[in-house]
Amino acid sequence: MILDIINKKRLGEELSYNELDYFFNGYLNGDVPDYQMSSLLMAICINGMSDEETFSLTKIFIDSGDVLDFSDIPGIKVDKHSTGGIGDKTTLVIAPIVAACGVPVIKMSGRGLGYTGGTIDKLESIKGYRVDLSDKEIIKQVHDIGIVVTGQTADLVPMDKIIYALRDVSGTVSSIPLIASSIMSKKIAGGADKILIDIKVGNGALLDNKEDAEKLKELMIKIGEVYGREVRCIISDMNTPLGYAVGNSLEVQEAMDILQNKEKNNNLVNLCYELATNMVSMGLEINISAAREKVEEVINNGEAYNKFLELVKNQSGDINKIKVSNNKKYLKADKSGVLKGINALEVGKLSLELGSGKLSITDKIDYSVGVRLNKLVGDTIKKGDILATVYYNKKNIDADINKIFKIV
Ligand code: URA
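Residues numbered from 1 in each chain as written. Predicted model: local features only at pLDDT ≥ 70, side-chain atom pairs only at ≥ 80, totals over all residues. Heavy atoms only, no water.

Caption draft 1: Expanded view of the site of the ligand. Around the ligand, the surrounding shell consists of His81, Thr83, Tyr164, Arg167, Ile179, Ser182, Ile183, Lys186 and Leu206. Within the contact set of the ligand, an oxygen atom lies 3.2 Å away from a side-chain nitrogen or oxygen of histidine 81. Between the ligand and the protein, one listed contact pairs a nitrogen atom with a side-chain N or O atom of serine 182 at 2.7 Å. Contributions of two or more residues to the shell around the ligand are made by α8 (158-169) and α9 (176-189). Residue contributions to the shell around the ligand peak at four residues, all from α9. (Near = heavy atom within 4 Å. Polar contact = N/O pair within 3.5 Å; in protein donor to acceptor, adjacent residues only side chain to side chain. Helix = DSSP H or I, 4+ residues; strand = E, 2+ residues; numbered from the N terminus.)

See the structure below:
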């Protein structure tokens, strides 16, 4: 039976709900070994899945764990998910903005994956910040202050946890139906009424072309329809890092700067405004321009920043204890010109090498290291200008500026 299913998919045939259920639950129960699961995942990667198969897989994922119910909490709960990028700290910015606009925010975030950092790792750079709230604590906190940002509870889509870990090491991450069922199962089981997805495209993202991003978008909207959930998708660029900072503490500091209106009009700020505006529009059922006005209002009057401080305090974090390494190295321009590109993937690799993420499962994250860009794409550069500051603790980290920066 196991081999029949693998062979069927290898030949590009459609699998039934029962076949998928048998195989995936067999893996969850330990009856199907890693090598056979990897083999099926690779066949799915190569031959794809029909919509029906993707709907079946999403259901199998959802049914593998708890389905949370936040219907007691008044208001429309809007969740947001990013497919992952370099310097993507949008959740830290938009969650407090949206909550300050009166939309309840229950955000269960993940850890870093590959070169991309995770929101939960970023928040853990704030000393004491708890990312392990129970269902009861989540509900109490949303009632009290209207916002929670925590890790996924252990019983939320356990199937995704093990399949994701296997995809990560079997070259099967970039499959549209697998990404769609992974994301949508977590959002639906997580109790969201409406869902906003930020699909990243570029060299620092899982998908590197717009056509695939469009296909993922259509598929996630269809899955949303099956479950009666409104799904909106934004397709955004991930060839360049988002904003100035890459690395956990540095990113929290940058998020705080945006919430205090100290940074304006760069790729990160613009994306945060777009995402927050859409969430407020969905949550309050108002049009985009009315939602945008509200977003600007809570930034300008300080309510969004205060909501962030309230969130950190409620989850036991000490905002005065965010450590950035004192060891700095400056990357300087070796010629003059215009900065035409900053390679997201190379910045992600450098930050990971510094210790901001895990290279192996036993690594410990160094929250205090990372890269802070000094210039953004489009800036005029003079030879000798500082392009970026590298915060490090380990010795001998080499950064090849010509791989990262394109000055023409
Ligand atoms: N994010 C997820 O949660 N799952 C994927 O498969 C890809 C990105």
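That shown, we press on.
Caption draft 2: Molecular detail of the packing of aromatic side chains. Under the counting rule described, the total for this entry stands at one aromatic pair. Taken together, a centroid distance of 6.1 Å and an interplanar angle of 55 degrees make the contact between phenylalanine 24 and phenylalanine 61 tilted. Here phenylalanine 24, found in helix α2 (residues 17-29), pairs with phenylalanine 61, found in helix α4 (residues 51-63); they are 37 residues apart in sequence, far enough to count as distant. Across the ring face of tyrosine 164, the terminal group of arginine 167 is positioned such that the distance to the ring centre comes to 4.9 Å. (Phe/Tyr/Trp six-rings, centres within 6.5 Å; stacked < 30°, edge-to-face > 60°. Lys NZ or Arg CZ within 6 Å of the ring centre and 35° of its normal.)

Caption draft 3: Spotlight on the nonpolar core. Counting 75 residues, the largest nonpolar core has Ile97, Ile126, Tyr129, Ile147, Leu259, Leu354 and Phe405 as the members making the most contacts within it. Among the elements that take part in this core, helix α12 (residues 267-284) stands out by supplying ten residues, more than any other. Residue contacts for isoleucine 147: discarding those within four places in its chain leaves Ala95, Pro96, Ala99, Val105, Gln141, Val142, Lys307 and Leu311. If you look at the next biggest cluster of nonpolar residues, it comprises 54 residues, including Met49, Leu133, Ile179 and Ile199. (Core = buried A, V, L, I, M, F, W, Y, C linked by side-chain atoms within 4.5 Å. Buried < 20%, exposed > 50% of the residue type's maximum accessible area, 1.4 Å probe, protein only. Contact = heavy atoms within 4.5 Å.)

Caption draft 4: Molecular detail of the pattern of salt bridges. Taken as a whole, this structure holds 28 salt bridges when the rule is applied. As a salt-bridge pair, aspartate 51 and lysine 222 come within 2.6 Å of each other at their nearest N and O atoms. Taken together, the positions of aspartate 51 in helix α4 and lysine 222 in helix α10 (residues 210-226) put the pair 171 residues apart, joining distant regions of the chain. Given a relative accessible area of 34%, lysine 222 falls into the partly exposed group. The structure contains a network of salt bridges with shared partners spanning Lys194, Glu230, Arg232 and Glu285. (Salt bridge = Lys/Arg side-chain N within 4 Å of Asp/Glu carboxyl O.)

Caption draft 5: Local environment of the sheet that holds strand β5 (residues 230-237). An order of β1-β4-β5 is seen for the three strands of this open sheet, with the pairing classed as parallel. On the outer flanks of this sheet lie β1 (78-82) and β5, each paired with one strand and no other. Strand-to-strand twist in this sheet, taken as the mean axis angle between neighbours without regard to direction, amounts to 15 degrees. Where β1 and strand β4 (residues 194-201) come together, five bridges link them in parallel fashion. Its bridge partner being in β4, lysine 80 is matched across the sheet by leucine 196. (Pairing = 2+ DSSP bridges. Axes fitted to C-alpha atoms, helices over the stretch in contact; angles between N-to-C directions.)

Caption draft 6: Region of interest: the packing of α4 against α9. Packing of α4 against α9 brings their axes to within 9 Å, and their N-to-C directions diverge by 45 degrees. The pairing of α4 with α9 is recorded here as oblique in orientation. Between α4 and α9 lies a crossing of right-handed hand. On α9, the residues touching Thr54, Leu57, Thr58, Phe61 and Ile62 of α4 are Pro177, Leu178, Ala180, Ser181, Ser182, Met184, Ser185, Ile188 and Ala189. (Parallel < 35°, antiparallel > 145°, perpendicular 65-115°, else oblique. Left-handed = near helix turned anticlockwise from the far one by under 90°.)

Caption draft 7: Expanded view of the sheet that holds strand β10 (residues 380-381). Pairing is antiparallel across the open sheet formed by three strands, whose spatial order is β10-β8-β12. Edge positions in the sheet fall to β10 and β12 (405-407), since each has one partner strand and no second. Pairing analysis gives two bridges linking strand β8 (residues 337-342) to β10, with the strands arranged antiparallel. Bridge pairing in β10 links valine 338 to threonine 380.

Caption draft 8: Just the environment of glutamate 293, in detail. With respect to the secondary-structure elements, glutamate 293 resides in helix α13 (residues 288-300). The sequence separation of glutamate 293 and threonine 277 amounts to 16 residues, and the corresponding C-alpha distance is 8.5 Å.

Caption draft 9: The arrangement of the environment of isoleucine 195 in detail. Among the secondary structure elements, isoleucine 195 is positioned in strand β4. A relative accessible area of 0% means that isoleucine 195 is categorised as buried. Taking C-alpha positions, isoleucine 195 is 30 Å from lysine 127, a pair spaced 68 residues apart along the chain. Once residues within four sequence positions are removed from consideration, isoleucine 195 is found in contact with Asp79, Met184, Lys187, Ile188, Arg229, Glu230, Val231, Arg232 and Met282.

Shape descriptors only; they carry no functional weight alone.
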